[in-house]
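Below, each chain spelled out in residue letters.
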Amino acid sequence: MIDWLARHRFSVIVTTLLILPLGLMFVSGRRDSATSLPERVAMGVAGWLQGVVGGALGGVSGAATDYVALVGLHEDNVRLRSENERLIAEALEGKRLAVENQALRRLLEMRQSRRDLDLMPATVIARELTPFFRVGRLSVETEGSPPQPDQAVVTMTGLVGRVIRASGGTADVMLLGDTRSRVATEVLGRGILGMMVGSGNPDAYLARFQVSQTEPPLEKGAVIVTSGHDRVFPRGIEVGYVPRPEERRQAGPFVEYDVILAVNPASLQDVLVVRGTASPLRPAGQ
Amino acid sequence: MRSILMVLVLVVLMALQSPIFGLLGIRASLLDLPLIATLYLAGSSRALRGFVASAFVGLVADAFTPGGLLGMNAEIHGILFLLALGLAARFPLTRPVPLVLVTAVSSVLKTLLFYLFSILFDRAFEPRVEVLLWGLPTALATAVLAPLLFLPFAGVDRMVQGRRPTESLLR
């Protein structure tokens, strides 16, 4: 038997190794059966090997790719920096235009809402600062007809001041906080008339609202608007509000309240100059 | 020892094949490395050792063929080894042109055997002509590159025995 096997070794092994795979195929082909042990072993070994080789190759490939990516990095950096600066400049310009557009839109809305007023747009060209870095005076420039002294300067949020000097298209504006400033005002909705006097405080945008002693006390947050009695400032423009009515004080025959002004002159870019009224001003309360 | 090294080289090449071709954007099954290994064994080994090694080559191919029938490649490569053994006696596989022709014929035959065994043993197999057509690009690419793909296996021979059975391939 052993001699026979030795003599026919090639045929026996070939036949065995050709029949064995047929059996394996037959078992594997029964798809309804569970995965056999040889299949699990083969899949496990091959999967592990592919994972190891794939991971190693991926690392080498990643390093090579990263190295190749460094070629021309300096030029890319210079180009990207330049592009970044250009884009930042464009973004800032866009933001500036958006703010300007918003301010102009508000002015336009005011012109449309106050058709009784003849309003002329003006641009703030200079600000005079107090020692406490508060704006004490403005210079504005108009296009078209030149501004005149004692014309009111307003914005959408309220009253700014009045023109005190004008030369050509340029004018100096006295703000409400100036000690020389006087504005005929009233308490909105209460019909209490009074006078807004500049506080002269170089450290705050404040004014004093003077009313008769016979008037009832004001409540906190009372809004002060122009009354139009001085024929300089048109009626109904907001001037400010009373933050602390309990701190009122007597000033001669009047009672004074501190008023925080509605307009912060430090943030102004564009204003409107009131050239006149389309209809006669009506006294407050009528 | 030599046959084991041949199988190991094949394992490494097959493990490398998929990620390398993936990086290059080439379909991983474009080259039939187990067939190359079998043909090399047929052209350079004794009959019995070569046949056993070819059966192991087929098993390796089965392991790297997800979803295939275990044993199918072992069977196919055993048959192809016997065929190549006969051809190698007439055509020297150390020459590029005979090698390319034998590889092309073997690759087509392998596709036909795969189709046949799938019909016989795989109940989930759907016999379609496309299955046969898909084998043509692989046969073409493997045949054309066969002289180059022989080199890693020839390197094993050079390392183990100092033999150079493929030294005339690139002349």
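*Asks:* Please set out the overall build of chain A residue by residue, giving values where relevant.
*Replies:* On a plain count of helices and strands, chain A comes out with four helices and 13 strands. Going through the 286 residues of chain A one by one, you find that 33% of them count as buried. Look at the contacts in chain A between residues 6 or more apart in sequence, and 55% of them connect residues 24 or more apart. Only carbon and sulfur atoms are counted for the fraction: they give 58% of the accessible area of chain A, which is about 16,900 Å².

*Asks:* Describe the overall build of chain B, and please don't skip the residues or the numbers.
*Replies:* In terms of regular secondary structure, chain B is built from seven helices and zero strands. Ordered by position from N to C terminus, the α and β elements of chain B give α-α-α-α-α-α-α. Of all 171 residues assigned to chain B, the portion counted as buried reaches 50%. Long-range pairs, those at least 24 residues apart, make up 69% of the contacts in chain B between residues at least 6 apart in sequence. In the structure as shown, chain B presents an accessible area of about 8,200 Å², 69% of it carried by carbon and sulfur atoms.

*Asks:* So what about the interface of chain B and chain A? Which residues, and what values?
*Replies:* A common way to report how large an interface is uses the accessible area buried once the components associate. In this complex, chain B contributes 28 residues to the contact, which on the side of chain A involves 26 residues. Taken over both partners, the interface formed by chain B and chain A buries close to 2,500 Å², and the fraction arising from carbon and sulfur atoms is 78%. Of all residues in chain B, L48(B), L70(B) and F121(B) give up the largest surface area on contact with chain A, accounting jointly for 26% of the area buried on that side. On the surface where chain B and chain A come into contact, there are zero salt bridges. Of all the secondary-structure elements, those providing two or more residues to the side of chain B that touches chain A are α1 (2–24), α3 (47–63), α4 (72–90) and α5 (96–121) of chain B. Along the lines of polarity and charge, the residues of the side of chain B that touches chain A split into 22 nonpolar, three polar and three charged.

*Asks:* Tell me about the environment of Q161(B), and please be specific about residues and values.
*Replies:* Residue and element names in this part refer to chain B. The topology assignment puts Q161 in the segment after α7 (151–160). Take Q161: its relative accessible area is 40%, and that puts it in the partly exposed class. For the pair Q161 and R2, spaced 159 residues apart in the sequence, the C-alpha separation amounts to 8.5 Å.

*Asks:* How would you sum up a nonpolar patch on the surface? Please name residues and give values.
*Replies:* Residue and element names in this part refer to chain B. The grouping of V108, L112, V129, L133 and L136 at the surface amounts to a nonpolar patch, some 440 Å² of accessible area in total. Contributions of two or more residues to the nonpolar patch are made by α5 and α6 (129–149). Considering every element that reaches the nonpolar patch, the biggest residue donor is α6, with three residues.

*Asks:* How would you sum up the pattern of salt bridges? Please name residues and give values.
*Replies:* Residues and elements named next belong to chain A. Tallied over the full model, the rule gives 18 salt bridges over all chains. Ionic pairing is found between D76 and R79, a salt bridge with its closest N-O pair at 3.7 Å. Highlighted residues: D76 and R79, both in helix α4 (residues 73–113), separated by three residues, approximately one helical turn. For R79, a relative accessible area of 46% translates into the label partly exposed. For the salt bridge of R249 with E256, the shortest nitrogen-to-oxygen distance reads 3.6 Å. Residue class for E256 comes out buried when judged on its relative accessible area of 7%. Members of the salt-bridge network, linked through shared partners, are R208, R249, E256 and D258.

*Asks:* Would you mind going over the confidence of the model for chain B in detail, with residue names and values included?
*Replies:* All names here are of chain B. For chain B, the average pLDDT comes to 83, and 90% of its residues sit at 70 or higher. Taken as a whole, residues 166–171 scores under 50 in pLDDT and shows 15 contacts with residues more than four places along the chain or in a different chain. The ipTM, which scores confidence in the relative placement of chains, is 0.77 for this predicted complex, and the corresponding pTM is 0.49.

*Asks:* I'd like a description of the layout of surface pockets, backed by residues and values.
*Replies:* Residues and elements named next belong to chain A. The computed volume of the second largest pocket comes to approximately 380 Å³. The wall of the second largest pocket is formed by 17 residues, among which A103, R106, S267, L268 and Q269 lie closest to the centre. Ranked by the residues each element gives to the lining of the second largest pocket, the list is headed by α4, at seven residues. Residue composition of the lining of the second largest pocket, grouped by class: seven nonpolar, six polar and four charged.

*Asks:* How would you sum up the packing of aromatic side chains? Please name residues and give values.
*Replies:* Residues and elements named next belong to chain B. Summed over all chains, the structure comprises four aromatic pairs over all chains. Look at Y40 and F150: their rings are 5.1 Å apart centre to centre, the planes differ by 80 degrees, and that puts the pair in the edge-to-face class. Of this pair, Y40 sits in helix α2 (residues 33–44) while F150 sits in the loop between α6 and α7, and the two are 110 residues apart along the sequence. What links up through ring pairs into an aromatic cluster is the set Y40, F150 and F153.

*Asks:* Mind laying out the pairing of strand β9 (residues 223–226) of chain A, listing which residues take part and the relevant values?
*Replies:* In terms of strand pairing, strand β6 (residues 182–187) of chain A meets β9(A) through three bridges, oriented antiparallel. Bridging from a neighbouring strand, E186(A) pairs with V225(A) of β9(A).

*Asks:* Kindly report on the pairing of strand β10 (residues 238–241) of chain A, identifying the contributing residues and their values.
*Replies:* Examined bridge by bridge, β9(A) and β10(A) share three bridges and lie antiparallel to one another. Residue pairing in the sheet places I224(A) in a bridge with G240(A) of β10(A).

*Asks:* Could you give an account of the sheet that holds strand β5 (residues 170–175) of chain A, naming the residues involved and the relevant values?
*Replies:* Residue and element names in this part refer to chain A. Within the closed barrel, the six strands sit side by side as β1-β2-β5-β4-β3-β13. Their pairing is antiparallel. Adjacent strand axes in the sheet meet at a mean angle of 40 degrees when their direction is disregarded. Both strand β1 (residues 117–129) and strand β13 (residues 270–277) contribute to a ladder of seven bridges, which runs antiparallel. When the bridges of β13 are listed, D118 appears paired with G276. Across the sheet, α4 is in contact with β1, β3 (152–154) and β13; its angle to β13 comes to roughly 15 degrees.

Conventions we followed
Every residue gets a number counted from 1 within its own chain, in the order that chain's sequence is written. Written order determines the labels here, with chains lettered from A and ligands numbered from 1. Given that this is a predicted model, residues contribute local features only at a pLDDT of at least 70 and side-chain atom pairs are listed and counted only at 80 or more, while totals for whole chains, interfaces and linings are drawn from all residues. As a rule here, side-chain values cover all heavy atoms of the structure and leave hydrogens and water aside. Only DSSP runs of H or I with at least four residues qualify as helices, and only runs of E with at least two residues qualify as strands; both kinds are numbered from the N terminus onward. Burial status follows relative accessibility: with a 1.4 Å probe on protein chains alone, a residue under 20% of its type maximum counts as buried, one over 50% as exposed, and anything between as partly exposed. Contacts are assigned to residue pairs with any non-hydrogen atoms lying within 4.5 Å of each other. Computed with a 1.4 Å probe, the accessible areas rest on the Shrake-Rupley method; for each residue, only the protein chains presented here act as cover. Two parts lose some accessible area (1.4 Å probe) when they are put together, and adding that loss for both gives the buried area. Definition used for salt bridges: Asp or Glu carboxyl oxygen within 4 Å of a side-chain nitrogen of Lys or Arg. Throughout, the ten residues Ala, Val, Leu, Ile, Met, Phe, Trp, Tyr, Cys and Pro are labelled nonpolar, Asp, Glu, Lys and Arg are labelled charged, and all others, Gly among them, are labelled polar. Like-charged residues within 9 Å of one another, or nonpolar side chains (Val, Leu, Ile, Met, Phe, Trp, Tyr) within 5 Å, are grouped into patches, provided each residue has over 30% relative accessible area and no salt bridge. On a scale of 0 to 100, pLDDT captures the predictor's confidence in every residue. Only protein atoms enter the 1 Å grid, on which a cavity is a set of points fitting a 1.4 Å probe that cannot get out and a pocket is an open set with protein on both sides within 12 Å along at least 5 of 7 lines, lining residues being those with an atom within 4 Å of a point. Grid points are joined across faces, edges and corners, and a volume is the space filled by probe spheres set on the points. Between 30 and 60 degrees the pair is tilted, below 30 it is stacked and above 60 it is edge-to-face, where a pair is any two Phe, Tyr or Trp rings, Trp via its six-membered ring, whose centres lie within 6.5 Å. By the convention used here, strands pair only if DSSP detects at least 2 bridges between them. Lines fitted to the C-alpha atoms define the axes, with helices restricted to the stretch that makes contact. Angles between their N-to-C directions range from 0 to 180 degrees.

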